[in-house]
Structure formats: C-alpha cells, structure tokens
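Coordinate inspection notes
What follows is the residue order along each chain.
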Amino acid sequence: MTVPPPRPDAAVTADPVPSRWQTETAGLILLGAGELWPPLSTIHDLIAITAGRAARPGTPPSHDHLMGGTGQLGDAGGTLYDPRIRALATHPGIIRLRQLAWPPPARVGFAALLATDLHTNPAYLPPAGSSPVGQRDMLHTALHSPAGTPSPPPVNIDRLVAAANRIDGRLTALLAIIGPDAITTDPTLPLRLRDRAPAMPPLTGTHLTLLADATTTLTTGSHRDHAATAIHNPGSAGITHHGTISHLLPSQLALPADAFSLRLARGDLLYRLHTATPTAPPHPVTIILDTTPPTFGPVETVLRLAAHLLTVTLWRTGQHPTLITLDQPALPRPLTTPADLTTIWTARTLHPPDLHTALRTAVHTPHPTTVILTHHHLAHDHPVHPGPHLRLLTTHTPGTPDGGDAPGSSTPTTDQRYHRHLPPHPDAATLADTVRTLLAPTADDQTRIGGSAGLDNHQPPTGLAGRRM
C-alpha cells in the first residue's frame, strides 16, 4: 500500500489592503510631504463626501443623488467614520467639487482643501525620520491589525464649513482647467490654486465647454492637404518615374533583364507613389500674453483661451512653449506641466503694458517664433509688423468697433497669415482655426518637408530667419 505524500501547507497571505485604503494611504503620505497630516479617517470621509457625477450645466445634484438614495453616499465606498460630515453634502462648495466628477486619487486634493485648517494632533504624525515607504508600510500594517477599529478622532465641523465656504466658481474652474492628473500627482496643488484663483477672470460653464470643444476640434480635425511622395506612407497616389528599388511596381521586376536595364537607363521604370502630409509639425513658440487693464473683461477671456489652446496643442506634439506675461515682461516662463497653465489664467497687473521689454525678452528665448496676444489698441499704438516669426492675435471689447486694424476675410493676404483678429465671443471652430494659423510652419519648414518627401527641383533649405520686430 502506497501512502501519498503529505500535502504542503497552504501559503498564508494577509488580506490585501482594499483599493480605497491604498488610495487614501498614498494620498496621506503625499499630503504629509506638504506638512499636512489629517487623520486617515478624515481623508476617507472627505473623499467620500466629494464623490459624484457631472451634472448638467447649472443643475446641481439633487440631495437624493448626493446621498446615493440610501443611508450612505453613492460613491463613498462605505459609511462615514464621522457621520456629522454628511451634513456638508449639500454645501455649495462641496457640490461644486462633486460636479467635477473626479476619481478618488484626485479627490485627495479636495481633502487637502477642506482639512488644511484642522488642528494637527501630534498623535497622528509619523515617527521622526521615517521614509514615505516606511510610512506606507506602517499604515498598511495598522490597517491589518486585528485589534479592532479604533474610534475616529473628532473633527472640527465649523472649520470644514469655513474651508468649504472658500470653494467658489473660480477655484473649481481653475481645477477643471488643470485637470485631475496633476492633482493626483500633487494633492497639495489645490491649496496653492486657491490663493491664485481670485485673480482669474470668471469662467462660466459655456467658457469651459468652448475650451473643451476647441481642444477636441484641434485634436480630431486635421484640415491637412496631402501631396505625392516616393517615401512610403499609408495610401497610394499613383505611379511615378522616380523612387527607390523598394517601391518598384511588381510588373517592372518581372521584365527581362535587358528591358529592365534599358528602362532604368532611360528613367522609364515605374514606381509606386504614396500620399504624405506636407505640413510640418508646429514648432514651439514664445507666447506674449497681455495681462494689463485694457484687456480686463471679455477680452482677456478670449486671449487666455487662445494662450491655453496654443500651449496644449504644442504639448500634444511634444513641444513646450515659453510664456511672457506683461505683468512681468522680463520673465520668460517655460510651460511644461498642467500646473503651469495657472499662470495663463491668473497673471494680471494694474501697470500699463510694456510690450517693448517683452519683445526684447522673447529674443533670448530658444524659440524662433513669437506670438503676441493683445487688445487691438495695443497693436495699433505700438507698431508691430507681423511676419513669419512674429505672429499677432488681437480682439476687441464687445460693442466697440475693432478699429479697422483687423485683417479682412476676403483674400489670403500676408496679414491674414500672421495676424488674426477674433471676435469677443468666438465659437470653437474659429478658435481652433486661429490656433492652427498661429502655429502654422514657416515657408522654410514647408520647403524642408517638401524636400524630405523627395519632390523634384528641391532647393536646400536656408534655415530659419531671425525675428522681425
């Protein structure tokens, strides 16, 4: 009789930390890097209370939706540790945050906004000298502890209400512009945005929709022409007598050797011709944004929308523009992350414009092309000569004439290529077309693309010219 070997003992594994606690522990450690250490239970409750789905513009979520139709919040991931926090669910500031409909990792930033003024109990601080990895491991160990659930610490509800009172439409609009990814990486960023949000122009849901629609148009609507090239690209445009051996038609390879040699000597061999996009990708530009009093109101909204779209369009091609605002005309700022969009939307000054200093600063940036965004009066009072490397975008105040300095729309003149004038209330298509025009490659770039496509009679490019000012 054969005795089977004993079964090996099953591996003992600890229950994994629930995903919501992984989010909250990671969020607490990130907040702690900014010297903010609220209790983990408070972070859980604030993430829960700010969960929601985007509502239609102008329609706040109903009380039943906020409560999920049950005794618990709809997306809370469980009951609240401090049930008193539930009373904040219908606070206007909390509703604004819920309407952003951000995922839990980004809502750690909402918890920072609400908990920043809470008293920090030294009992909830990590051990001195502990590393973020060590803090994470200690939190996970505590969450697995069989000792039972400790009583949550009391929270000062009045301070939470006071923090929620500071969450207005400007702040949530700025948060929507920056986006949840940036907040997930740095959940203390909303605290810095809160102090800068009062400086931005008021943006309505219509403006945010316009920004989103224009971005979509720029992303999906290429409006590009196609040209013939002997370089391989998807699609076929016909047959040519010039090309490489890999593009020979199969019928030519089937010719007798003598006939093939004769056709080769005469240049009569047939090659497959492909289609290619002759438009060069946009190069990074230096953006000069007018932030002085003549632009305050609808004018600055249009100019800042355009600056935002110029920036994100270049980002999609892997390029990073430089921003110069007229409140600090001697300071160039590279725009490399979503948080940098804050400057586009909040920079302003009461001083008169100093376009001369801004242009002089732009000369020393690494980009060959400068784009000026300003009120049409400034472009008229300060002689600006738009050209391939100095583009101009102007607009005017609603109800006033444009001064006659805006380029016409009948014939494609040089001014139209390098100077665009937007109405005070442009639509998404007009905004997108303007951005394309301002970022259109120069003639040198088009020549370079044509040469790389193998077109005949190509002259070597002479390089980029200097700025015209």
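Given the structure is predicted, the values throughout are model-derived calculations rather than measurements.

Structural notes on helix α5 (residues 104-115)
Note: α-helices contain 3.6 residues per turn, so residues at a spacing of three or four share the same orientation. With twelve residues, α5 ought to run about 16 Å at 1.5 Å a step, and its terminal C-alpha atoms sit 16 Å apart, in line with that. In terms of residue burial, α5 counts as a mostly covered element, since ten of its twelve residues are buried.

Section: the packing of helix α11 (residues 205-220) against helix α14 (residues 298-316)
Running from N to C, α11 and α14 point in directions that differ by 35°, and their axes come no closer than 11 Å. Crossing handedness for the pair α11 and α14: right-handed. Facing α11, whose interface residues are His207, Leu210, Leu211, Ala214, Thr215, Leu218 and Thr219, α14 presents Thr301, Leu305, His308, Leu309, Thr313 and Arg316. Tallied by class, the residues present in the contact of α11 with α14 amount to six nonpolar, six polar and one charged.

Thoughts on the sheet that holds strand β9 (residues 419-422)
Picture the strands of a sheet paired through backbone hydrogen bonds; they go either parallel or antiparallel. As summarised here, the arrangement of the six strands in space is β6-β5-β4-β7-β8-β9, forming an open sheet in which the pairing is mixed. Each edge of the open sheet is held by one strand with a lone partner, namely β6 (333-334) and β9. In the sheet, strand β8 (residues 390-395) pairs with β9 via four bridges, with the strands oriented parallel. In the strand pairing of β9, threonine 394 is matched with histidine 421. The strands touched by α14 within the sheet are β4 (285-289), β7 (369-375), β8 and β9, with β7 carrying the most contacts at an inclination of about 160°. Where helix α19 (residues 428-438) meets the sheet, it contacts β7, β8 and β9, and its direction lies at approximately 165° from that of β9.

Description of the packing of aromatic side chains
Applying the stated rule across the entire model yields one aromatic pair. Taking the centre distance of 5.2 Å and the plane angle of 20° together, the rings of tryptophan 102 and phenylalanine 110 count as stacked. Against the face of phenylalanine 296 rests arginine 348, its NZ or CZ located 4.5 Å from the ring centre.

Conventions adopted
Residues numbered from 1 in each chain as written. Predicted model: local features only at pLDDT ≥ 70, side-chain atom pairs only at ≥ 80, totals over all residues. Heavy atoms only, no water. Helix = DSSP H or I, 4+ residues; strand = E, 2+ residues; numbered from the N terminus. Expected span 1.5 Å × (residues − 1). Buried < 20%, exposed > 50% of the residue type's maximum accessible area, 1.4 Å probe, protein only. Axes fitted to C-alpha atoms, helices over the stretch in contact; angles between N-to-C directions. Left-handed = near helix turned anticlockwise from the far one by under 90°. Contact = heavy atoms within 4.5 Å. Nonpolar A, V, L, I, M, F, W, Y, C, P; charged D, E, K, R; others polar. Pairing = 2+ DSSP bridges. Phe/Tyr/Trp six-rings, centres within 6.5 Å; stacked < 30°, edge-to-face > 60°. Lys NZ or Arg CZ within 6 Å of the ring centre and 35° of its normal.

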